[in-house]
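# Coordinates in review
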Amino acid sequence: FFPFKLMEMLQNDKEPHIISWMPDGNAFAIHDKRRFASEVLPLYFKGSIQFSSFTRRMNRWKFTLTRESTKSRSVYHHPL
């Protein structure tokens, strides 16, 4: 179930330079998309999941990119 896996990733403090909560706790950032796809995603999803598949799942669950996003860092927020 995607939201639970996402929370597991965010609660795991082993990779804060790859994925972490934003300081206000209302959004999270993927700081290194390449390493996130190659090192973090395989730990939580069976088979080979690509970053594009992850972002589609984020969109399906109504997560949106914030203005804080840059070319190298994606910052996601959920309205709840």
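A brief look at the structure comes next. (Residues numbered from 1 in each chain as written. Predicted model: local features only at pLDDT ≥ 70, side-chain atom pairs only at ≥ 80, totals over all residues. Heavy atoms only, no water.)

## Description of the side chain of Ser 20
For Ser 20, the position within the fold is in strand E1 (residues 19-21). A polar contact of 2.7 Å, which involves the side chain of Ser 20, links it to the side chain of His 31. Not counting chain neighbours up to four residues away, the residues in contact with Ser 20 comprise Leu 10, Phe 28, Ala 29 and His 31. (Helix = DSSP H or I, 4+ residues; strand = E, 2+ residues; numbered from the N terminus. Polar contact = N/O pair within 3.5 Å; in protein donor to acceptor, adjacent residues only side chain to side chain. Contact = heavy atoms within 4.5 Å.)

## As for the sheet that holds strand E4 (residues 74-77)
Within the open sheet, the four strands sit side by side as E1-E2-E4-E3. Their pairing is antiparallel. In the strand order of this sheet, the two ends are held by E1 and strand E3 (64-65), each with one partner. Strand direction decides the pairing type here: E3 and E4, joined by two bridges, are antiparallel. Residue pairing across strands places Leu 65 opposite Tyr 76, the latter belonging to E4. (Pairing = 2+ DSSP bridges.)

## Regarding the pairing of E4
Regular strands show a simple pattern: their side chains alternate between the two faces of the sheet. Across four bridges, the pairing between strand E2 (residues 27-30) and E4 is antiparallel. Looking at E4, one finds that Phe 28 is bridged to Tyr 76.

## Notes on empty space enclosed by the protein
Using the criterion set out here, one finds one cavity of 30 Å³ or more in the structure. In this structure, the largest cavity encloses a volume near 40 Å³. As for the largest cavity, its lining consists of Met 9, Asn 12, Glu 15, Ile 19, Val 40, Leu 43 and Tyr 44. Sorting elements by how many residues they give to the lining of the largest cavity places helix H2 (residues 33-44) first, with three residues. Considering only residue class, the lining of the largest cavity consists of five nonpolar, one polar and one charged. (1 Å grid on protein atoms, 1.4 Å probe; cavity = no way out; pocket = protein on both sides within 12 Å on 5 of 7 lines; lining within 4 Å. Points joined across faces, edges and corners; volume = space filled by probe spheres on them. Nonpolar A, V, L, I, M, F, W, Y, C, P; charged D, E, K, R; others polar.)

## Examining the pattern of salt bridges
Inspection of every chain in the model, using the stated rule, returns one salt bridge. We note a salt bridge from Arg 35 to Glu 39, for which the minimum N-O separation is 2.9 Å. In this pair, Arg 35 and Glu 39 both sit in helix H2, four residues apart, roughly one turn of the helix. A relative accessible area of 24% places Arg 35 in the partly exposed class. (Salt bridge = Lys/Arg side-chain N within 4 Å of Asp/Glu carboxyl O. Buried < 20%, exposed > 50% of the residue type's maximum accessible area, 1.4 Å probe, protein only.)

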